Amino acid sequence: MNDLVSIVTPIYNSDKYIKTAIDSVQAQTYQNWELILIDDFSQDDTLNILEDIIKNDPRIKLIMLNSNCGSAYARNKGIELAKGRYLAFLDSDDIWRSEKLDKQITFMKKGAYSFSFTSYNKINDKGDGIGPVLIKKNVIEYSDLLYTNSIGCLTVILDLNILGGKKYMPLINMRNDYALWLSLLREGNKAYGMIDILADYRSRKNSLSSNKLQVIKYQWKIYRFYQHLGFFKSIYYMLYYAYYGFRKY
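Definitions and limits used
The residue count restarts for each chain, going from 1 along the sequence in the order it is written. Local features in this predicted model are restricted to residues of pLDDT 70 or higher, and side-chain atom pairs are both shown and tallied only at a pLDDT of 80 or more, whereas totals for entire chains, interfaces and linings draw on every residue. In computing side-chain properties, one takes all heavy atoms of the structure into account and sets aside hydrogens as well as water. The helix and strand labels rest on DSSP assignments: H or I over at least four residues marks a helix, E over at least two residues marks a strand, and numbering proceeds from the N terminus. For the radius of gyration, the atoms used are the C-alpha atoms, and the globule rule reads 2.2 Å times the number of residues raised to 0.38. Each residue gets one of three labels from its accessible area relative to the maximum for its type: buried under 20%, exposed over 50%, partly exposed in between, using a 1.4 Å probe on protein chains only. Whether two residues are in contact is decided by their heavy atoms: any pair within 4.5 Å suffices. Accessible surface area values rest on a Shrake-Rupley calculation with a 1.4 Å probe, where residue burial reflects the displayed protein chains alone. Asp and Glu count as negative and Lys and Arg as positive, but His and the ends of the chain are not part of the count. Lys charges are placed at NZ, Arg charges at CZ, Asp charges at CG and Glu charges at CD. Working definition: a ring pair exists when centres of Phe, Tyr or Trp rings (six-membered ring for Trp) sit within 6.5 Å. Plane angles under 30 degrees give stacked, over 60 give edge-to-face, the rest tilted. Lysine and arginine charges are scored as sitting over a ring when NZ or CZ, respectively, is within 6 Å of the ring centre and within 35 degrees of the ring normal. Among the buried residues, those of types Ala, Val, Leu, Ile, Met, Phe, Trp, Tyr and Cys that are joined through side-chain atoms within 4.5 Å form a nonpolar core. Interaxial angle, 0 to 180 degrees, is taken between N-to-C directions of lines fitted to C-alpha atoms, where a helix line uses only the stretch in contact. We call two directions roughly parallel when the angle between them is under 35 degrees, roughly antiparallel when it is over 145, roughly perpendicular when it lies between 65 and 115, and oblique otherwise. Here is the rule for handedness: rotate from the far helix to the near one, and if that takes an anticlockwise turn smaller than a right angle the crossing is left-handed, while a clockwise turn gives right-handed. Each residue is assigned to one of three groups, with Ala, Val, Leu, Ile, Met, Phe, Trp, Tyr, Cys and Pro labelled nonpolar, Asp, Glu, Lys and Arg labelled charged, and all others, Gly among them, labelled polar.

### Some remarks on the overall build of the protein
Check the secondary structure of the protein and you find nine helices and ten strands. Since a compact globule built from 249 residues should have a radius of gyration of about 18 Å, the 17 Å found for the protein is in line with a globular shape. Across the 249 residues in the protein, those meeting the buried criterion constitute 47%. Taking as baseline every contact in the protein between residues at least 6 positions apart, the subset at least 24 positions apart corresponds to 80%. Element-wise, carbon and sulfur atoms account for 52% of the exposed surface of the protein, whose accessible area totals about 12200 Å². Averaging the locations of the 33 positively and 26 negatively charged side chains of the protein gives two centres separated by 8 Å.

Rendered as structure tokens:
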């Protein structure tokens, strides 16, 4: 039997998109998974939508937080409850291609990889395609990732057996996934990429990640306070980060 994959999905006011995200998990050709939904105190119709879905699929578990705690806390709660060998992440407005788990788990087992990621496609609020984000390096090490975050959270799968147990995200409002990737690679792990486009990332105009000034602020925090880089080294990487961002946009 295939190893269990635990999928962690933080949710906050996602009534427009959550069913599409869950549908993409249920459509996986790799069927041995559990989906852990962490509702971060939604105030819209999300919970009513989830009620009907959960009734019909025991692999889906819903945890409701009593206050709005942010994506890092919600993700960590999901990680804490995860029972699988493999840990994957899917935000509530994103979508997986049906062959994602099958292809990626096969790739990881063949190479005995602890950390993998893939290319993905960007879509807008309506689901229209914006364009692909293709991986630029097949293997990413710590020094590579300091320059820019080239790993999409919705594409990541971790093998907790090889990593030696569960790993958690720092409790910051933005870039918490990037901070975790850096910590894992700093320990000597490498991230292995697949060129295949296996997910769709929804780029929303009013999302936290669309606020570039906020992103820059948190990028600095990660360099200085989470990776403990010196002031001038942090400046060096910030300049490269800005350069990559300018090229990208």
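### Quick look at the packing of aromatic side chains
Tallying each qualifying case throughout the model produces 13 aromatic pairs. A ring pair is formed by Phe107 and Tyr113, whose centres lie 5.1 Å apart and whose planes are at 55°; its orientation type is tilted. Arranged with centres 3.8 Å apart and planes meeting at 10°, the rings of Tyr113 and Tyr192 form a pair that is stacked. Taken together, the residues Tyr113 in the loop between helix H4 (100-111) and strand E6 (115-123) and Tyr192 in strand E10 (residues 191-202) connect sequence positions 79 residues apart. Taken together, the ring pairs in this structure connect Tyr147, Tyr223, Tyr236, Tyr237 and Tyr240 into an aromatic cluster. The ring of Trp96 carries the charged tip of Lys100 above its face, separated from the ring centre by 4.6 Å.

### Thoughts on unusual backbone geometry
Not every positive phi belongs to a glycine, and Asn13 is a case in point at roughly 50°. Looking at the secondary structure, you find Asn13 in the loop between strand E1 (5-11) and helix H1 (18-26). Backbone geometry at His228 places phi at a positive 55°, although glycine is not the residue there. With respect to the secondary-structure elements, His228 resides in the loop between helix H8 (212-226) and helix H9 (231-248). Judged by relative accessible area, which is 59%, His228 ranks as exposed.

### Considerations on the nonpolar core
Phe89, Phe115, Ile151, Leu158 and Trp181 are the most contacted members of the largest nonpolar core, which has 41 residues in total. Those residues in contact with Ile151 that lie beyond four places of it in its chain are Phe115, Phe117, Ile140, Leu145, Val156, Trp181 and Ala191. Formed by 25 residues, the second largest nonpolar core is a distinct cluster that contains Ile11, Tyr86, Met108 and Ile157.

### Quick look at the side chain of Gln104
When you line up the elements, Gln104 lands in helix H4. Sequence-distant contacts of Gln104, defined by excluding residues within four places in its chain, comprise Ser116, Phe117, Thr118, Thr155, Val156, Ile157, Met194 and Leu198.

### A look at the packing of H1 against helix H2 (residues 46-55)
For the pair H1 and H2, interaxial distance at closest approach is 10 Å and the crossing angle is 20°. Classified by the angle their axes make, H1 and H2 are roughly parallel. When you trace H1 past H2, the crossing you get is right-handed. Mapping the contact onto sequence places Ile18, Lys19, Ile22 and Gln26 in H1 and Ile49, Leu50 and Ile53 in H2. Considering only residue class, the contact of H1 with H2 consists of five nonpolar, one polar and one charged.

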